[in-house]
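Chain and residue survey
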Amino acid sequence: MNAAVHQSLTVKCVYFVHGSKQMKKRRLAAGALALAVSVTACGCGEQIYEMTKEEEAVIVHYAAHAVSKFNKKQPEGIEDVTALKALMEEEAEQKEREKEKKRREKEEKKAAEDKKQADSPSSDSKSGQDGQQKKYVSLSRALGLGKIKAVYRRYETAAAYQASQSYMIRADSGNELLVLHVNLRNDTDETVKCDILSKMPVFRLTAGGELSVTADTTILLNDLGTYQGSIQAGKKAGTVLIFQVKKGAVKSSDSLELEVTAGGKSSLVQLTG
């Protein structure tokens, strides 16, 4: 009995000693793990490095360049320098075109104002008010016809002008046509070509010193402003200028003047026949 008790006590003592050693080992391992975590978290005592703005810009630029090399949709990602440059050039050209347009509009407006002022009667051009006489030239000289003579014959007023059996010009409502008849005469002994169309003339008729109208542009073959043809020696060609005026605005007693602008030069012709 004593031997059995002794053996049992011996086994318990061995178990206790062995268990104590295992617990010590576990405690040592836990302590080592805690120390390792503490050292790692502290980063060995070094502070985190903070970059300057210049350094950040360098890194961003490099990263953007690296990304753009592999970006197939570059215009949709980082800004395409070539496209941006083309857009800037297009905007500059657009501004230049707008500037040129405004300049032309300004010049056209000034030219229109100058023409309006020139067309309006002034005290310097009115005869009988300041004693100065108007300077008239012949119709031939005003048109620069050379060997051909342009001779005014007469005028008539009508509701319509029958140019041919298939073509007729009618006056607008409330108006009547004033038709000037002009002969182009060749007094030389040879055929002479006459090209008035190339001069692109403009005719303005003044009646009684008040009424002022511009001749209509027509497709008549005998329209004085668009006449082209050859006139034989000693022959003549009949032409017309057609104006639209208010009914009864022109009286037989009214004096007629024709302002002719051709080749950038204006001349005044007194119509007497």
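You'll find the structure just up there.
This write-up is about the structure you can find in this document.

Basis of the calculations
- Counting restarts for each chain: residues are numbered from 1 in the order of the written sequence.
- Two thresholds apply to this predicted model, a pLDDT of at least 70 for residue-level local features and 80 or more for giving and counting side-chain atom pairs, whereas whole-chain, interface and lining totals are computed over all residues.
- Think of the side-chain values as coming from all heavy atoms in the structure, minus any hydrogens and water.
- What makes a salt bridge here is a side-chain nitrogen of Lys or Arg within 4 Å of a carboxyl oxygen of Asp or Glu, nothing more.
- Under the DSSP-based scheme used, a helix requires at least four consecutive residues in state H or I and a strand at least two consecutive residues in state E, with every element numbered from the N terminus.
- Under the scheme applied here, a residue whose accessible area is under 20% of the maximum for its type counts as buried, over 50% as exposed, and between as partly exposed, the area being computed with a 1.4 Å probe on protein chains only.
- A strand pair is defined by DSSP finding two or more bridges across the two strands.
- Each axis is a line fitted through C-alpha atoms, taken for helices only over the stretch in contact, and angles between the N-to-C directions span 0 to 180 degrees.
- Only buried Ala, Val, Leu, Ile, Met, Phe, Trp, Tyr and Cys residues count toward a nonpolar core, and they belong to the same one when joined by side-chain atoms within 4.5 Å.
- Contacts are assigned to residue pairs that have any heavy atoms within 4.5 Å of one another.
- Surface patches are drawn from residues lacking salt bridges whose relative accessible area is over 30%; two like charges belong together within 9 Å, two nonpolar side chains (Val, Leu, Ile, Met, Phe, Trp, Tyr) within 5 Å.
- Residue-level accessible areas treat just the shown protein chains as cover; the underlying method is Shrake-Rupley with a 1.4 Å probe.
- The positive count covers Lys and Arg only, the negative count covers Asp and Glu only, and His and the chain ends enter neither.
- Charge coordinates come from a single atom per side chain, which is NZ of Lys, CZ of Arg, CG of Asp or CD of Glu.
- Side-chain atoms alone can form a polar contact between residues adjacent in sequence; in general such a contact is a pair of N or O atoms within 3.5 Å, and within protein one must be able to donate a hydrogen while the other accepts it.

All right, on to the pattern of salt bridges then. Taken as a whole and judged by the stated rule, the model has seven salt bridges. Between Glu-257 and Lys-134 there is a salt bridge, and its shortest N-O distance comes to 3.2 Å. Highlighted residues: Glu-257 in strand S10 (residues 256-262) and Lys-134 in the loop between helix H3 (81-119) and helix H4 (139-143), separated in sequence by 123 residues. Residue Glu-257 is classed as buried on the basis of its relative accessible area, which comes to 13%. By sharing partners, the salt bridges in this structure join Glu-100, Arg-103, Arg-104 and Glu-107 into a single network.

Another point: the pairing of strand S6 (residues 202-207). The alternating pattern of S6 places Phe-203, Leu-205 and Ala-207 on a buried face, while none of Val-202, Arg-204 and Thr-206, on the opposite face, is buried. Strand direction decides the pairing type here: S6 and strand S7 (residues 211-214), joined by four bridges, are antiparallel. Residue pairing in the sheet places Ala-207 in a bridge with Leu-211 of S7. Between S6 and S7, which follow one another and run antiparallel, lie three residues, and Gly-208 among them has a positive phi close to 65°.

Let us now look at the sheet that holds strand S9 (residues 236-246). As a general point, the strands of a sheet are linked pairwise by backbone hydrogen bonds and lie either parallel or antiparallel. Here three strands make up an open sheet; going across it, the order is S1-S4-S9 and the pairing antiparallel. The open sheet has two edge strands, strand S1 (148-158) and S9, and neither has a second partner. On average, each strand axis in the sheet is tilted by 20° relative to the strand beside it, whichever way the strands run. Of the strand pairs in this sheet, S1 and strand S4 (residues 175-186) are connected by ten bridges, and their pairing is antiparallel. If you follow Tyr-152 over to S4, its bridge partner there is Val-182.

The four strands lie next to each other as S7-S6-S10-S11, forming an open sheet whose pairing is antiparallel. Looking at which strands have only one partner, the edges of the open sheet turn out to be S7 and strand S11 (265-271). For this sheet, the mean angle separating the axes of adjacent strands, direction not counted, is 20°.

For the rest of this paragraph, the subject is the nonpolar core. General note: in soluble globular proteins, nonpolar side chains tend to be found buried as a group. In this structure, Leu-180, Leu-184, Phe-243 and Leu-258 are the most contacted members of the largest nonpolar core, which totals 33 residues. Taken together, the elements giving at least two residues each to this core come down to H4, S1, S4, strand S5 (192-195), S6, S9, S10 and S11. Leaving out residues up to four positions away in the same chain, Phe-243 has contacts with Glu-176, Leu-177, Leu-178, Leu-180, Phe-203, Leu-205, Val-213, Thr-214, Ala-215 and Leu-258. Formed by eight residues, the second largest nonpolar core is a distinct cluster that contains Ile-169, Leu-177, Val-179 and Leu-220.

Glancing now at a negative patch on the surface. Together, Glu-89, Glu-90, Glu-91 and Glu-93 line one region of the surface with negative charge. Take Glu-90: it is sitting in helix H3.

Considering the arrangement of structural elements, one finds Asn-175 in strand S4. Asn-175 gets classed as buried once you look at its relative accessible area, which sits at 15%. In terms of polar contacts, Asn-175 uses its side chain to reach the side chain of Gln-244, at 3.4 Å. For Asn-175, the contacting residues outside a window of four places in its chain are Gln-244, Val-245, Lys-246 and Lys-247.

Bear in mind that shape data such as this cannot, by itself, settle questions of function.
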